[in-house]
Amino acid sequence: CGIVLTLLLCCLLCLVARAEDAEDPVTLRALLVGCDEFLSHENIAPSAEMNVRRMANMLATDIRGYAAIVSAGQGVGSVQALRELMQEAGMEPMAGGAWDGFAHWVQQTFAEADDNDISLVYFCTHGLYDRVTFQPLLVLSDGISEENLTADSLRDALDAVAGQKLLILDACNSGAFIGKGAWDAQLRNSFQSADYQVLTSAGARENSFLWRDRDGVGGGSYFAQELCEGLRSREFDYNADGQVTLAEAYQGLLESHGASTAQSYPQQSDFA
């Protein structure tokens, strides 16, 4: 009798779990940011914008479907009111200054995310180091205003987004954001948390290469091209189970992408 009751209880718990999943399904959203025009760095147009388009087209083939794919292919500018904007979106405010352009896209894209959702953020821009603090930076620019985005500031902003975050950084030195690919031990993983999955195009002390044609019409990064093609063609689905995990994407990029060394956190992740 005890065994029967235990089995019945297990069945009821399974039914409750399935009902909860049906009521609150996993919702996917993506924010894709590409910066081409800069005030104090080399312009890379149209490479970043083309990468944003590639990523958007690739994500649109995901059979799970995305509730939103927001593309900022013309870049985002600088720094003012992230605290206020995040408060308006019902998010926890962050200390210090902020980036009004980036905040706008965060607010619009992820305001409705809950703990059961997945939020993907992609950046293609210049990656460098602060000359004083030596902390890694991404350059946010729309060609009119420009601001450096630190790893800690990016983490603070995305911590306000509920659920799992998948961060893809397509920039020079991008491995520094997760402390990977450096010959010294000074760098740390700014995204060490169960809430984050991170894929970068290069190591912490490594360039990430872009290309553009002579006419300035076509361009992109070798990393984004290989990533999109490996996912779209399912070449990165090594165990042929119908999905590509972060670990498989990382392995595929190590084998197919020779321009720079992709890095990932966690190193062996079964996150699809």
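Higher on the page you've got the structure.
So, a few notes on the structure that sits alongside this text. From a predicted model like this one, the values you see are computed outputs, not experimental measurements.

**What to know about helix α6 (residues 222–232)**
For the α-helix, the turn length of 3.6 residues means that residues three or four positions removed from each other point alike. Those residues of α6 that fall on the buried side of the exposure criterion are F223, A224, L227, C228 and G230. Down the axis of α6, the sector holding all buried residues measures 165 degrees, keeping them to one side. Here the buried face of α6 lies against α2 (47–59), β3 (118–124), β7 (164–170), β8 (196–200), β10 (219–221) and α7 (246–256). The first or second residue beyond α6 is R234, which carries a positive phi of 65 degrees.

**Focus on the sheet that holds β7**
The six strands lie next to each other as β2-β1-β3-β7-β8-β11, forming an open sheet whose pairing is mixed. Each edge of the open sheet carries a strand with a single partner, namely β2 (68–72) and β11 (263–265). On average, each strand axis in the sheet is tilted by 10 degrees relative to the strand beside it, whichever way the strands run. One ladder, built from seven bridges, connects strand β1 (residues 28–34) with β3; its direction is parallel. What sits directly across from L28, in β3, is I118. Together, β1, β2, β3 and β7 form the strand contacts of α2, whose direction differs from that of β1 by roughly 165 degrees.

**Points about the packing of α2 against α6**
One way to put it is that α2 packs onto α6 with a least axis distance of 10 Å and a crossing angle of 10 degrees. For the element pair α2 / α6, the angle class is roughly parallel. In this structure, α2 contributes N51, R54, M55, N57 and M58 to the contact, and α6 contributes A224, Q225, L227, C228, L231 and R232. Considering only residue class, the contact of α2 with α6 consists of six nonpolar, three polar and two charged.

**Digging into the packing of aromatic side chains**
One pass over the structure, following the stated rule, counts one aromatic pair. Relative to Y196, the ring of F191 lies with its centre 5.2 Å away and its plane at 65 degrees, an arrangement referred to as edge-to-face. A single burial state applies to F191 and to Y196, both of which are buried.

**Side note on the packing of α6 against α7**
For the pair α6 and α7, the least separation of the axes is 10 Å and the interaxial angle reads 125 degrees. When the axis of α6 is compared with that of α7, the two are oblique. The element α6 and its partner α7 pack so that their crossing is right-handed. Touching F223, E226 and L227 of α6 are A249, L253 and S256, all from α7. Classifying every residue of the contact of α6 with α7 gives four nonpolar, one polar and one charged.

Conventions we followed
- Counting from 1, residues in each chain are numbered in the order their sequence is written.
- Local features in this predicted model are restricted to residues of pLDDT 70 or higher, and side-chain atom pairs are both shown and tallied only at a pLDDT of 80 or more, whereas totals for entire chains, interfaces and linings draw on every residue.
- Hydrogens and water molecules were not included; the side-chain quantities draw on all heavy atoms of the structure.
- In this scheme, a residue with accessible area under 20% of its type's maximum is buried, one over 50% is exposed, and one in between is partly exposed, where area comes from a 1.4 Å probe on protein chains only.
- Helix and strand assignments come from DSSP, with helices taken as H or I runs of at least 4 residues and strands as E runs of at least 2, each series counted from the N terminus.
- For this quantity, the arc is that covered by the directions from the helix axis to the C-beta atoms.
- Should any heavy atoms of two residues lie within 4.5 Å, those residues are considered in contact.
- Two strands form a pair only when DSSP identifies at least two bridges running between them.
- Think of each axis as a best-fit line through the C-alpha atoms, taken over the contacting stretch in the case of a helix, with angles from 0 to 180 degrees between the N-to-C directions.
- For classification purposes, an angle smaller than 35 degrees is called roughly parallel, one larger than 145 roughly antiparallel, one from 65 to 115 roughly perpendicular, and anything else oblique.
- In this classification, Asp, Glu, Lys and Arg are treated as charged, Ala, Val, Leu, Ile, Met, Phe, Trp, Tyr, Cys and Pro as nonpolar, and every other residue, Gly included, as polar.
- Ring pairs shown here join Phe, Tyr and Trp side chains whose ring centres sit within 6.5 Å, with only the six-membered ring taken for Trp; geometry is labelled stacked below 30 degrees between planes, edge-to-face above 60, and tilted in between.
- We call a crossing left-handed when the near helix sits turned anticlockwise from the far one by less than a right angle, and right-handed when that turn is clockwise.

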